[in-house]
Amino acid sequence: MRVIASFIISVAVLFFGFYGTIVLIFSTSKDTYGLVSAAFVLTLLIFVNLWVWGQFAKKAVKFSFICLMSFFVLFVIVEGGKAWYQESLKIMSTQDVDLTQYEPFQNNDRVAVLGKEAAMQLEKPLLKLDGSTALYPVYAAFAQAVYPEGSYDSTNSQVQSTQTSGAWASLLKEERDLIFVPEPPSSIQAQAKNKEAELMLTPVGKEAFVFFVHKDNPVNNLTVEDIQKIYSGEITSWKELGGNDEPILAFQRPEDSGSQQMLRKVMGNKRLMDPPTDQRVSGMGGIIEETLDYENRKNAIGFSFRFFSETMVENKKIKHLDINGVAPSIESIQNDNYPFVSPFYAVHLSTATNPNLETFLEWIQSEDGQLLVEMAGYVPYHR
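On a predicted model such as this, the values are computed, not experimentally measured, just so you know.

**Q** Help me understand the overall build of the protein chain, please; the structure alone is not making it clear to me.
**A** What the protein chain contains, in helices and strands, is twelve helices and twelve strands. A total of 383 residues make up the protein chain; the buried ones form 50% of that total. In the protein chain, the share of contacts with a sequence separation of at least 24, taken over all contacts with a separation of at least 6, comes to 74%. With an accessible surface of roughly 19000 Å², the protein chain has 56% of that area assigned to carbon and sulfur atoms.

**Q** I tried to follow the packing of aromatic side chains on my own but got confused; where do I start?
**A** Both the distance between ring centres and the angle between the ring planes are used here to describe each pair of aromatic rings. Per the stated rule, a full pass over the model turns up 19 aromatic pairs. Ring centres 5.2 Å apart and planes at 80° place the aromatic pair Phe209 and Phe211 in the edge-to-face group. For the pair shown, Phe209 and Phe211 are each scored as buried. Here the aromatic rings of Phe211 and Phe340 are separated by 5.8 Å at their centres, their planes lie at 65°, and the arrangement is edge-to-face. Residue Phe211 is located in strand β4 (residues 199–214), and its partner Phe340 is located in the loop between α10 (330–334) and β11 (341–349); the two are separated by 129 residues in the primary sequence. Take Phe211: its relative accessible area is 0%, and that puts it in the buried class. What links up through ring pairs into an aromatic cluster is the set Phe105, Tyr136, Tyr139, Phe142, Tyr147, Tyr152, Phe180, Phe360 and Trp363.

Definitions and cut-offs
- Residues numbered from 1 in each chain as written.
- Predicted model: local features only at pLDDT ≥ 70, side-chain atom pairs only at ≥ 80, totals over all residues.
- Heavy atoms only, no water.
- Helix = DSSP H or I, 4+ residues; strand = E, 2+ residues; numbered from the N terminus.
- Buried < 20%, exposed > 50% of the residue type's maximum accessible area, 1.4 Å probe, protein only.
- Contact = heavy atoms within 4.5 Å.
- Areas by Shrake-Rupley, 256 points an atom, 1.4 Å probe, with all protein chains shown as cover.
- Phe/Tyr/Trp six-rings, centres within 6.5 Å; stacked < 30°, edge-to-face > 60°.

Following this line, the structure appears as structure tokens:
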């Protein structure tokens, strides 16, 4: 009878244990979890059989069982605690930013207002606008200034944001007339050329590409060379930079994101290292599919654009790093003293046909348009 019971129980434990281990490996993408799960199943199998055969009453068996189970419980507590801690220190991503607070004509106090009627009022056909989430506040303010009053949903309307990658895709499909984005990468330029179209760039404003760390990280300043060496993998510890003796977790973004393209520019001729999977986070590119703009643990470093990470996210657990001794302030951006100043553009295809396009672009570069850029919290391009 014990043989049959042992066989049935062993088969059940192995079946469910194997299934659970496979699920755990695929759901977490961590081999360590799979190894611990397999060890747990093997331990359970041994002690269940000892119980069936009446050996569990022995003190040595009981003591071994308690010690091993304590190890597994401790592992779960430690790993769960680490996951909770990392989650608690995440910087809210672009997708988590509530863009409704910047939508035109919704009486939102976050939308910049000229305080007077704009010199130009747009009439139909209205331009279909899209762009990076970090730039939505400024072009939403443009729309409120010159578009007819109405409802303009931030996710699906004539004034929407599908982030940098989505905006480029919509423009190239000619579903959008004008998008607000950083400088186009070579891959986008090639796609436009394949369509026998040219990308027409109108400078709107300037932004700082910033690097940030946890506020408790003692490092406050890095050089351009330091940044390059961190992201090429040459510098791997904060101790090398005057910080704590901790490894540097250098997070990156998806390839089609505007900030990842900016990082590549920062790297110059340096080779950008391939980050581990869990250090390439989405964020600021994809609204909710992108999770955050970077887990910000005390030994992590991430990057973004100043207005997004300083104003739209409002996370008090981070601090922006000075680069070459210069802080990413509005003044240093205006004077081009900060090393990583990046213009942003209103971009349309040379094949665009909307008759209001040129008038709108002229207004953006006018005194009113550039004043609105400043009032929205960005740095005007023409001042």
